[in-house]
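# Descriptive structure summary
The primary structure of each chain is shown beneath.
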Amino acid sequence: MNDTGEDRRPARPGRRNIIRGLGLAAGGLLAGGAGFATEQAWRREDPPTPASAASVDSWQPPDRQVDVVWAVNTRRRLVALTFDDGPMERWTPQALDALDEAKVPATFFMVGSRLARNARLVEGRLGRHEVGNHTWKHDDLSKLSLAHAYRSIHRTHETIEQVTGRAPTLLRPPWGRLGGTTLHVAAQHGYDLVLWSLLVQDRALGREPDEMVAAVVDNARPGTIVLAHDVGAASRKTAIERLPAMIRGLRGRGFDFVTVSQLRRAAL
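Quick caveat, the model's predicted, so the values are computed rather than measured.

Analysis parameters
Residues numbered from 1 in each chain as written. Predicted model: local features only at pLDDT ≥ 70, side-chain atom pairs only at ≥ 80, totals over all residues. Heavy atoms only, no water. Axes fitted to C-alpha atoms, helices over the stretch in contact; angles between N-to-C directions. Helix = DSSP H or I, 4+ residues; strand = E, 2+ residues; numbered from the N terminus. Left-handed = near helix turned anticlockwise from the far one by under 90°. Contact = heavy atoms within 4.5 Å. Nonpolar A, V, L, I, M, F, W, Y, C, P; charged D, E, K, R; others polar. Buried < 20%, exposed > 50% of the residue type's maximum accessible area, 1.4 Å probe, protein only. Salt bridge = Lys/Arg side-chain N within 4 Å of Asp/Glu carboxyl O. pLDDT = per-residue confidence, 0-100. Pairing = 2+ DSSP bridges. Phe/Tyr/Trp six-rings, centres within 6.5 Å; stacked < 30°, edge-to-face > 60°.

## A short note on the packing of helix 9 (residues 209-219) against helix 11 (residues 243-252)
- Between helix 9 and helix 11, the least distance of the axes is 9 Å, while the angle of their chain directions is 35°. The way helix 9 lies across helix 11 gives a crossing that is right-handed. Here helix 9 contributes Met212, Val213, Val216 and Val217 to the contact with helix 11, which in turn contributes Ala245, Met246, Gly249 and Leu250.
- Partitioned by chemical class, the residues of the contact of helix 9 with helix 11 number 7 nonpolar, 1 polar and no charged.

## Remarks on helix 7 (residues 180-188)
- A large share of helix 7 lies buried, amounting to 7 of its 9 residues.
- Burial in helix 7 covers these residues: Gly180, Thr181, Thr182, His184, Val185, Ala186 and Ala187.
- At its buried positions, helix 7 is contacted by helix 6 (146-164), strand 5 (170-171) and strand 6 (192-194).
- Gly190 sits one or two positions beyond helix 7 and adopts a positive phi of about 75°.

## Some words on the pattern of salt bridges
- Throughout the structure, instances matching the rule amount to 11 salt bridges.
- For Asp202, the salt bridge goes to Arg236, with nearest N and O atoms at 3.9 Å. One end of the pair, Asp202, is in helix 8 (residues 202-205); the other, Arg236, is in helix 10 (residues 234-241), and 34 residues separate them in sequence. Grouping residues by exposure puts Asp202 and Arg236 together as buried.
- Through salt bridges with shared partners, a single network forms among Asp97, Asp100, Arg125 and Arg128.

## Considering unusual backbone geometry
- Of note, the amide linkage connecting Gly86 to Pro87 takes the cis form, showing an omega dihedral of 0°.
- Mapped onto the elements, Pro87 comes out in the loop between strand 2 (78-84) and helix 3 (92-102).
- A cis amide bond, omega 10°, links Arg90 with the succeeding residue Trp91.
- With respect to the element layout, Trp91 can be found in the loop between strand 2 and helix 3.
- Despite not being glycine, Thr135 has its phi angle at roughly 75°, a positive value.
- Relative to the helices and strands, Thr135 resides in the loop between strand 4 (130-133) and helix 6.
- On the basis of relative accessibility, which here comes to 0%, the residue Thr135 falls in the buried class.

## A few points about the confidence of the model for the protein
- Scored by pLDDT, the protein comes out at a mean of 84, with 76% of its residues at no less than 70.
- Confidence drops under a pLDDT of 50 for residues 46-50, and excluding neighbours within four residues, the segment shows 12 contacts in the predicted structure.

## Observations concerning the environment of Pro209
- When you line up the elements, Pro209 lands in helix 9.
- Expressed as a C-alpha distance, the spacing of Pro209 and Ala239, which sit 30 residues apart in the sequence, is 7.4 Å.
- In this structure, Pro209 is in contact with Thr238 and Arg242, ignoring residues within four places of it in sequence.

## Describing the pairing of strand 4
- Of the two faces of strand 4, both are covered, the one formed by Glu130 and Gly132 as well as the one formed by Val131 and Asn133.
- Bridge count for strand 3 (residues 107-110) against strand 4 is 4 bridges, and the pairing is parallel. Bridging from a neighbouring strand, Thr107 pairs with Glu130 of strand 4.

## Concerning the pairing of strand 2
- Across the 7 residues of strand 2, 7 count as buried, placing the element largely inside the fold.
- Side-chain alternation along strand 2 places Leu78, Ala80, Thr82 and Asp84 on one buried face and Val79, Leu81 and Phe83 on a second face that is also buried.
- In the sheet, strand 2 pairs with strand 9 (residues 256-257) via 2 bridges, with the strands oriented parallel. Bridge pairing in strand 9 places Leu78 opposite Asp256.

## Describing the packing of aromatic side chains
- All told, the structure shown has 1 aromatic pair when counted by the stated rule.
- Seen in terms of ring centroids, Phe83 and Phe108 are 5.1 Å apart; in terms of plane orientation they differ by 20°. Their pairing is stacked. Note that Phe83 is positioned in strand 2 and Phe108 in strand 3, a separation of 25 residues in sequence. Side by side, Phe83 and Phe108 carry an identical accessibility label, which is buried.

Below, the structure written as structure tokens:
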């Protein structure tokens, strides 16, 4: 598969249903990747460990609790913008340009192999931003053995730390898919898991950008975690191009922008 950041596209839902369902947008509409092929190759090397905690008689207890966060309960009018699947030439630099112009922080969940190849795209540009782990090749952690999941996460962890000078503390599993393996490997790295509560609907509304912006601005609530993508199809470029309008609209409603970790510190 070519490494384009394109997603496997399900049937396009109706616009009315899209808008009605925005509050439950944590349903896993993330960009696709090479996780299945990677996992199959790894299976030839090592026998798999069951990925679901329900299929394991006992786990070695991890050293810490793992929290799973969709949004944060806070009275403060704060919102966290997050971007998945980069960095790549389309469309990471444009996203960073828009955020820099507005002086807005964001959280980027980066794919390790892409960061290793494209570190120059983000060099010196991540000071106000947070970087989280999004696996090595956009791998489906719910299907990987414990050893293979650890390998994907740890290699990405080391790459992020090397490129940014900061160790990540957050993991967003591709497609939002969870399993016993995902939680166990997160605990081993001291991570919490971050999903999302509001999805930028570039796929459904990319040809109606004003409605796409309005869907984000009108549905944001204090503590919302917004999911966008800085990699992939042309509709995602449209979303990035409309990012300044989203920021203006949210500021017009009295929202301030924070990273995910900053948002969590504002929880009640």
